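Listed below are the residues making up each chain.
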Amino acid sequence: MSTQTMTLASIRLCLLVLLTFISGASRAAELEQTIELRPGWNAIHIELEPVDKSIASVFAGLPVASVWRYRPDPDGAQFIRDPAEGLENVDGWFAWFPEPRPESFLTNLFSIDGNAAYLVRLEGSINRNLVIRGIPRFRPTRWTADAFTLTGLPVAAGNRPSFADFFASSEAHRGQPVYALSAAGQWQRVTSPGSTLIEPGRAYWIYTDGSSRYQGRLHLVLDQGESLEYSAALDEIRLVLRNFSGLPGSFQLRRIGGGAMPLTFLNEDEETGETGWPDLQQTLVVDAPAGRDVFVTLGVRRTQFSADRMDEVLEITDELGQRVLLAAGGNTVQPVALRRGATEGTPAAASYAGLWVGDVEVRAVSEAQRGGTEPRPVVRPFRQRVLIHVDAAGNARLLKDVIQMWQDGTSRPSAINPAFNEVDQPGRHVLITDPNLISLYTGPVNRDGQPVGLRFSTVAYDFAGNEIELDGDFGPGGEVGGTLVIASNLPTNPFLHRYHPDHDNLDPQFLNTVEEAYQVVRNLSFRFVAEDPEGRNPPGWGDTLVGGDFSESITGLHKNPIFLSGQFRLRRASAVTVLNQ
C-alpha cells in the first residue's frame, strides 16, 4: 500500500471516530422538569441544564411578559425587592422581554441556566406548565455571607420537609428569615417555618448568618466536576455522602434516566476486607451513620456498552425529603488500534493502543537443581514491573524505559485578524525511549518550577536496545510473547563482574575480549483472559485494565532451564500510539 493510500485511510478512520463521538455524545439521558406557573409573578428554580438554553425556546408558547434573573455584585444582595415595584433600575437584575413587546429592546438576558433562580411574570388568568428538558448538573448552592440568597432547595416532591426541618442542622440558616413570592409580586416572610413545606421548583430569598456551605442534611461531595463523566482514562468515580441530620439513616441511589448504562459499585466486606464490583441495581441503599462520611465508588464497564456513548441519571435521596440528581455518562472512543492482520472497519478492530504499565506476579518456580519443568508454588509471590506499548497497528513492544514528554504546538496569524495568532498544530504528549531525543521536547509537569518528564521504567526486564517486539495479539483472548537475550557483555548480566578477573570478559592481561559471562535467554508469554482471574471483576476490565496468565522460561542461569508462572495486570497509562515521534 502506498504512503498516500495509507494517509487517506488514516484520515478516513480518524473522521469516522470523530463522527462517531459527536453523534454518540448527542444522545444524553435527559429529564423533564415541570413547573406550574400562576398568573402574575412566580419565583422558580430551574434544576436541569436545558438542552436548548435559548430563553425564547424555553418559554415558547407561554404568555410570559418578562423573565428576570438576579446576579449580584460581590457584596451580595442586601435587600428584598418586590418585583411589582419594578426592577429595571436595580443593579444586578437582568431581564428578557419577548417580542413584540415594546420594552423588548431592553432585553439583556438571553439564556437559561440550570441550578438557577428566575422571576417569571405570566399573563392571563389560568395556570400554565413550564416544561424544561435537560440534564442535571451538580452545583452546590453558593450562599452569600450575611445577606439574602435567591435560590431553590433540593427536595423531593413526594416527601417535602419544612423550612425548619431542612435548616435544622445549619447554624447559619436556623431561625433566619425566609421570603416567598406572592402572585401579586410581593415578597412575604415565611412566618411558620416549622409547618410551611418547601416546594420543589420554587425559589426563595433565604438569609445566611455568616458564611455557609450547607446543602442540606444530605451533603454530597464529588472529587471533580459536576457529573459522573467517565473520560477515556477514567473507570471509577467516588462519591462522598454525609449525613448531617444527627440521626442514623440511609441513602438511596436510584436509576431514573437511561437505565441501561453498565454501572457497577465497589462492595467491600468489612470483616474480611474482600472487595467486588457487582452491577448497580435499580436502587442501591447504603447505611448513613450520623455525622460520618459514606464513600460510594461507582465504576463503568465499557466492554458492555451497547452504543458508542451511554448516559444515565441517578437520584440520591434520604428519608428526610432531600433529593440530588447526578448525570453519569461515558463513551467507548479510545485510541484507535487494530489487531495484527485486521483492516479498518472489520469486527477484529480493537482499541488497545497506548502505553500499558503493570506488574507480573510470579507465583511458581520450577526446581532447576532437580531438572524439574513444572513450576511449584513459592512461599511468597514477588512482583516485577512490566511495560508494554501497543501502536496503532496493534503491534506490541516490550519496553524497559520510557519517558512521557510534551511537544509544544505551533501558531500562525489569524486569517480573520492577523494581529492575533491562532492554533496551527496543537501541543501533544509524546513517548520517548531514545534518550537522545529528550532535548527536543519539554516536560509535561512542573517540579520545583522546572518542566520535567514522566518516567516509567523497570529493572526486571533488560535487553540490548530500547524495545523488543512481541508476537501475537494484545488484548482479552489474545496472547503476546517474545525473547529477551541478555548477552555476556550486557551490564545487567548476572555473571558479569567488572572488577573480577574471572568474570570481566577480558583475558589475564586485560587486553583482549574473552567471553567469560554466560549468555542468558528469557522467553516470555502473556496470555490475556476475558474475566478477571482474581474474581473481583473491576470496572475497566478488558478496556483500560487487562491481565491474565504469565509464563517464562530462562536458560543460561542454570544447567537446566528454569520455568516460572504467575499472573499479570496492566493498566493503560498513556493513549499515545507512536514512540519517539
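Check the entry above for the structure.
Here is what the cut-offs are and how they apply
- Residues numbered from 1 in each chain as written.
- Predicted model: local features only at pLDDT ≥ 70, side-chain atom pairs only at ≥ 80, totals over all residues.
- Heavy atoms only, no water.
- Helix = DSSP H or I, 4+ residues; strand = E, 2+ residues; numbered from the N terminus.
- Buried < 20%, exposed > 50% of the residue type's maximum accessible area, 1.4 Å probe, protein only.
- Contact = heavy atoms within 4.5 Å.
- Areas by Shrake-Rupley, 256 points an atom, 1.4 Å probe, with all protein chains shown as cover.
- Pairing = 2+ DSSP bridges.
- Axes fitted to C-alpha atoms, helices over the stretch in contact; angles between N-to-C directions.
- Salt bridge = Lys/Arg side-chain N within 4 Å of Asp/Glu carboxyl O.
- Phe/Tyr/Trp six-rings, centres within 6.5 Å; stacked < 30°, edge-to-face > 60°.
- Polar contact = N/O pair within 3.5 Å; in protein donor to acceptor, adjacent residues only side chain to side chain.

## Some thoughts on the overall build of the protein
For step 1, the next point in the chain: Scanning the protein for helices and strands turns up three helices and 39 strands.
For step 2, the next point in the chain: For the protein, the residues scored as buried account for 45% of the 581 residues in total.
For step 3, the next point in the chain: Taking as baseline every contact in the protein between residues at least 6 positions apart, the subset at least 24 positions apart corresponds to 72%.
For step 4, the next point in the chain: As displayed, the protein has an accessible area near 29700 Å², and 50% of this comes from carbon and sulfur atoms.

## Quick look at the pairing of strand β36 (residues 479-486)
For step 1, the next point in the chain: Looking at chain direction, strand β35 (residues 467-472) and β36 are connected through two bridges and run antiparallel. Bridge pairing links glycine 472 to valine 480 in β36.
For step 2, the next point in the chain: Hairpin remark: β35 followed by β36, antiparallel, with six residues in the connecting loop; positive phi at glycine 475, about 130 degrees.
For step 3, the next point in the chain: Where β36 lies against strand β37 (residues 520-528), eight bridges are found, and the strand directions are antiparallel. The partner of valine 485 across the bridge, within β37, is valine 521.

## Remarks on the sheet that holds strand β13 (residues 228-230)
For step 1, the next point in the chain: Across the sheet, five strands lie side by side as β13-β22-β21-β15-β19; this open sheet has mixed pairing. The sheet is open, and its two borders are formed by β13 and β19 (283-288), each paired with just one other strand. With direction set aside, neighbouring strand axes in the sheet form an average angle of 20 degrees.
For step 2, the next point in the chain: Note that β13 and strand β22 (residues 323-331) share three bridges and pair parallel. Within β22, the position partnered with glutamate 229 by the bridge is glycine 329.

## Brief notes about the sheet that holds strand β34 (residues 454-457)
For step 1, the next point in the chain: Taken in spatial order, the three strands line up as β31-β28-β34 in an open sheet, and their pairing is antiparallel. The open sheet has two edge strands with one neighbour each: β31 (428-432) and β34. Taken pair by pair, the neighbouring strands of this sheet meet at an average axis angle of 25 degrees, ignoring direction.
For step 2, the next point in the chain: Note that strand β28 (residues 401-407) and β34 share four bridges and pair antiparallel. Bridge pairing in β34 links valine 402 to phenylalanine 456.

## What to know about the environment of arginine 101
For step 1, the next point in the chain: Tracing the backbone shows arginine 101 in the loop between β5 (93-96) and β6 (116-122).
For step 2, the next point in the chain: The exposure class assigned to arginine 101 is partly exposed, which follows from its relative accessible area of 22%.
For step 3, the next point in the chain: In this structure, the C-alpha to C-alpha distance between arginine 101 and serine 66, residues 35 residues apart in sequence, is 9.5 Å.
For step 4, the next point in the chain: The residues contacting arginine 101, other than those within four sequence positions of it, are Ala65 and Glu123.

## A look at the pattern of salt bridges
For step 1, the next point in the chain: According to the stated counting rule, one finds 38 salt bridges in the structure shown.
For step 2, the next point in the chain: Measuring nitrogen to oxygen at the nearest pair gives 3.3 Å for the salt bridge that ties aspartate 462 to lysine 400. Of this pair, aspartate 462 sits in the loop between β34 and β35 while lysine 400 sits in the loop between β27 (396-399) and β28, placing them 62 residues apart in sequence.
For step 3, the next point in the chain: Judged by relative accessible area, aspartate 462 falls into the buried class, the value being 17%.
For step 4, the next point in the chain: A single salt-bridge network, built from bridges that share partners, covers Glu49, Lys53, Arg69, Arg71, Asp113, Arg139 and Glu226.

## Details of the packing of aromatic side chains
For step 1, the next point in the chain: Considering all chains together, one arrives at 20 aromatic pairs under this definition.
For step 2, the next point in the chain: Ring centres 6.3 Å apart and planes at 55 degrees place the aromatic pair tyrosine 352 and phenylalanine 474 in the tilted group. Within this pair, whereas tyrosine 352 is found in the loop between β24 (349-350) and β25 (354-365), its partner phenylalanine 474 is found in the loop between β35 and β36, the two being separated by 122 residues in sequence.
For step 3, the next point in the chain: Given a relative accessible area of 12%, tyrosine 352 falls into the buried group.
For step 4, the next point in the chain: By relative accessible area, which is 4% here, phenylalanine 474 ends up buried.

## Description of the side chain of glutamate 361
For step 1, the next point in the chain: Along the chain, the position of glutamate 361 falls in strand β25.
For step 2, the next point in the chain: A polar side-chain atom of glutamate 361 sits 2.6 Å from a polar atom in the side chain of arginine 363.
For step 3, the next point in the chain: Among the polar contacts made by the side chain of glutamate 361, one reaches the side chain of arginine 383 at a distance of 3.3 Å.
For step 4, the next point in the chain: For glutamate 361, the contacting residues outside a window of four places in its chain are Pro381, Phe382, Arg383, Ser565, Gly566 and Gln567.

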